[in-house]
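The chain contents come next:
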Amino acid sequence: MSAFRPATADSPLVNLIVGTLAVAIGVLLLVLPLIAVYAEALRRGWDPAWAALTEPDTVAAIRLTLIVALTTVPLNTIGGLAAAWCVAKHDFPGKRLLVTLIELPFSVSPVISGLVFVLIFGLQGWLGQWLQARDIQVIFALPGLVLATVFVTFPFVARTVIPLMQEPGPEEEEAAATLGATGFQTFLRVTLPNVKWALLAGVLLCNARAMGEFGAVSVVSGHIRGETNTVPLHVEILYNEYQFAGAFAVAALLALLGLVTLAAKTVLERLSARDGARLGGAA
Amino acid sequence: MSAATSALPLAARPSRVRAIPGFGIAFGITALWLAVIVLIPLAAQVIRPWELGVAGVWHSVTEPRVLASLRLSFGAALLAAAINVPLGLVTAWAIVRLRFPGRAILDGAVDLPFALPTAVAGIALTALFAPNGWLGAPIEALTGLKVAFPPLGVVVALVFVGLPFVVRTVEPVLRDLSREAEEAAATLGATRPQTLARVVLPALAPSIFTGFGLAFARCVGEYGSVIFIAGNMPMVSEIAPLLIVIRLEQFDYAGAAAVGLAMLALSFLILLALNLVGRMLRKGRR
């Protein structure tokens, strides 16, 4: 606490004000909603919350959400890795366009992400009559839920992996190719190990969004309880039926998913940075 | 991605293309996946409204209820993104430049709007800002404003959703900002406010702009976190994505697609304009 203060430092009063404001923003805008979810869920104690979570419709919703995520995530992991490998390790005309197209789903409203599939597969969609004649249901059924979820989670894996894949440059892969490795061997043995933490982080984010998606699946779901109702949609139904304790209990479960994802992402980022540092040290 | 790639004429770069084998199959998977999941569906979004004819599309998107919802969605998104600029700046500044207990927690909390499913955020914010909520009650007592339900609630939800975009784009630039420029300004006799206004702020301006654009893009289409708090009154607090849902429920596919197309076209134009201004800001720095 000396009287001397460097010319580039702000007065302690300014720092105090900025710090207080930042903490206020953090507490009021960011943390308080999270606390509110748990407070509302447990307002009448554990028992009603637990009852809401174990009620058959909730269990069915959890099962459906798991099925959707377990289908979506592997599909987008393969697609995302292929896209990342193209972009990070190869040169081709139209690369920037490809990157833009990969990121496109992020800038589209979730509702539009669901709408586009209704426009194709819905009763009055391009394929609607054809599908109905063959008794195939896409919209208001599992395939529609998966399609909409794949659309909204499409960019996660590619986006997380591309920067890390690009960083070391293509030299190691070129060496592998020179030594006679096939493209697949090169990818599996050289490229993949270097990006494993980023890949895991991408998969994790993809999964969190797949399980938590609301707008897109709400459009294609049809909201049939016990059948096409995912967990986020179940929250909405309970809430609109004024079953607040149940709605917040299920919401608390989803919030937990978000928190675990956030924590795991932080750990993976640290692991990735540590490996990166080691890589840099070796080079 | 690399600037060099795009600057080269098409014919000048064949030798590097096939250095690593396996491009064909990877590109095949990517192209197929992209076409099936993204391109064909978005083509449907662009083509189907025109079933109504040009006049029909125009009529469909200029209905007073549609115009009101577009005005609300875009107005609230722009306002929320604008509010996010000072909030995000203060938060990023505190995370990068200050040391205080709980800084790491604040840093982690910034990602909460990314991590919380939108429906959870929606009902949580509604509970907080309801007339008897933890924040709604004191705000109403102090200012007489009811946050939940009238259009104000939409803005509150969007501020929550958009905040991380501004913080996370400004933060790395602030971290890399050299202290020497600030020192030089101080040496040349600038007061601290002058240094902040003439040296620090211009350096951050492009990233602030990018963050504003990202927050806006996310907010304009936001659905889950808004519909619970908005009250969804036609002409007053009905957002454009909700109108798409309503039209779909009435099996008015082309009408729903028309609203979707109007949203995409408007946000494209706004983002294009933001991009141009951002480019000018960056050029001005050089």
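The structure we're discussing is the one just above.
The text that follows walks through the structure, step by step, so that each part is easy to find. Since the structure is predicted, the reported quantities are computational estimates derived from the model, not experimental observations.

Procedures and definitions
- Residues numbered from 1 in each chain as written.
- Chains lettered and ligands numbered in written order.
- Predicted model: local features only at pLDDT ≥ 70, side-chain atom pairs only at ≥ 80, totals over all residues.
- Heavy atoms only, no water.
- Helix = DSSP H or I, 4+ residues; strand = E, 2+ residues; numbered from the N terminus.
- Buried < 20%, exposed > 50% of the residue type's maximum accessible area, 1.4 Å probe, protein only.
- Contact = heavy atoms within 4.5 Å.
- Areas by Shrake-Rupley, 256 points an atom, 1.4 Å probe, with all protein chains shown as cover.
- Lys, Arg positive; Asp, Glu negative; His and termini not counted.
- Charge placed at Lys NZ, Arg CZ, Asp CG, Glu CD.
- Buried area = accessible area lost by both parts, 1.4 Å probe.
- Salt bridge = Lys/Arg side-chain N within 4 Å of Asp/Glu carboxyl O.
- Arc of directions from axis to C-beta.
- Polar contact = N/O pair within 3.5 Å; in protein donor to acceptor, adjacent residues only side chain to side chain.
- Axes fitted to C-alpha atoms, helices over the stretch in contact; angles between N-to-C directions.
- Parallel < 35°, antiparallel > 145°, perpendicular 65-115°, else oblique.
- Left-handed = near helix turned anticlockwise from the far one by under 90°.
- Nonpolar A, V, L, I, M, F, W, Y, C, P; charged D, E, K, R; others polar.
- Phe/Tyr/Trp six-rings, centres within 6.5 Å; stacked < 30°, edge-to-face > 60°.
- Lys NZ or Arg CZ within 6 Å of the ring centre and 35° of its normal.

## So, the overall build of chain B
Next, step 1: Scanning chain B for helices and strands turns up 15 helices and 0 strands.
Next, step 2: Relative to its 286 residues, chain B shows a buried fraction of 51%.
Next, step 3: Here the contacts in chain B between residues at least 6 apart in sequence split such that 73% fall between residues at least 24 apart.
Next, step 4: Carbon and sulfur atoms form 71% of the exposed surface of chain B, whose accessible area is close to 13,000 Å².
Next, step 5: Separation between the mean location of the 22 positive side-chain charges and that of the 14 negative ones in chain B comes to 10 Å.

## Notes on the interface of chain B and chain A
Next, step 1: Between chain B and chain A, the residue contacts involve 83 residues of the former and 93 residues of the latter.
Next, step 2: Here chain B and chain A share an interface that buries about 7,600 Å² over both sides, 80% of which is from carbon and sulfur atoms.
Next, step 3: Here chain B and chain A share 1 salt bridge between them.
Next, step 4: The salt bridge involving Lys265 of chain A is made with Asp111 of chain B; its shortest N-O contact spans 3.6 Å.

## Overview of helix H11 (residues 179-187) of chain B
Residues and elements named next belong to chain B.
Next, step 1: Those residues of H11 lying buried are Glu182, Ala185 and Ala186. The buried residues of H11 occupy one face: seen down the axis, they fall within an arc of 100°. Those residues of H11 that are exposed and angled more than 90 degrees off the buried face are Glu180 and Thr187.
Next, step 2: Its buried side turned inward, H11 meets helix H5 (64-97) and helix H12 (192-221).

## Thoughts on the pattern of salt bridges
Next, step 1: Scanning the entire structure with this criterion turns up 19 salt bridges over all chains.
Next, step 2: One salt bridge in this structure joins Asp57 of chain A and Arg225 of chain A, with 2.9 Å as the shortest N-O distance. Remark: Arg225 of chain A occurs in the loop between helix H12 (215-221) and helix H13 (231-240) and Asp57 of chain A occurs in helix H3 (residues 56-89); sequence separation between them is 168 residues.
Next, step 3: By relative accessible area, which is 22% here, Asp57 of chain A ends up partly exposed.
Next, step 4: By sharing partners, the salt bridges in this structure join Lys265 and Glu269 of chain A together with Asp107, Asp111, Arg168, Glu171 and Arg175 of chain B into a single network.

## Section: the environment of Asn229 of chain A
Residue and element names in this part refer to chain A.
Next, step 1: Structurally, Asn229 is set in the loop between H12 and H13.
Next, step 2: On the basis of relative accessibility, which here comes to 3%, the residue Asn229 falls in the buried class.
Next, step 3: As for Asn229 and Leu64, which are separated by 165 residues in sequence, their C-alpha atoms are 7.3 Å apart.
Next, step 4: Setting aside anything within four residues of it in sequence, one finds Asn229 in contact with Ala61, Leu64, His223, Ile224, His234 and Ile237.
Next, step 5: A polar contact of 3.5 Å, which involves the side chain of Asn229, links it to the side chain of His234.

## A few points about the packing of helix H5 (residues 110-121) of chain A against helix H14 (residues 240-249) of chain B
How two helices pack is summed up by the angle between their axes together with the distance between the axes.
Next, step 1: Orientation of H5 of chain A relative to H14 of chain B, taken along the N-to-C sense of each, is 25°, at an axis distance of 10 Å. By the criterion of interaxial angle, the relationship of H5 of chain A to H14 of chain B is roughly parallel. Helix-helix and strand crossings are classified by hand; for H5 of chain A and H14 of chain B the assignment is left-handed. Between H5 of chain A and H14 of chain B, the contacting residues are Val111, Ile112, Leu115 and Val118 of chain A on the first element and Pro241, Ile244, Val245 and Leu248 of chain B on the second.
Next, step 2: Considering only residue class, the contact of H5 of chain A with H14 of chain B consists of 8 nonpolar, no polar and no charged.

## Points about the packing of aromatic side chains
Given two aromatic rings, their pairing is described by the distance between the two centres and the angle made by the two planes.
Next, step 1: Taken as a whole and judged by the stated rule, the model has 16 aromatic pairs over all chains.
Next, step 2: Between Phe106 of chain A and Phe156 of chain A, the aromatic rings sit 4.9 Å apart at their centres with planes inclined by 75°, giving edge-to-face as the arrangement. Placement of Phe106 of chain A in the loop between helix H4 (95-103) and H5 and of Phe156 of chain A in helix H8 (residues 155-166) is noted, with a sequence separation of 50 residues between them.
Next, step 3: Taking 6.0 Å as the distance between ring centres and 45° as the angle between the ring planes, the aromatic pair formed by Phe214 of chain A and Phe228 of chain B counts as tilted. Here Phe228 of chain B lies in helix H13 (residues 224-230) and Phe214 of chain A lies in the loop between helix H11 (196-212) and H12, a pairing that spans two chains.
Next, step 4: The buried category is assigned to Phe228 of chain B, whose relative accessible area is 7%.
Next, step 5: In this structure an aromatic cluster arises from ring pairing among Phe214, Tyr239, Tyr242, Phe244 and Phe248 of chain A together with Tyr223 and Phe228 of chain B.
Next, step 6: Over the face of the ring belonging to Trp93 of chain B we find Arg97 of chain B, whose NZ or CZ atom lies 4.8 Å from the ring centre.

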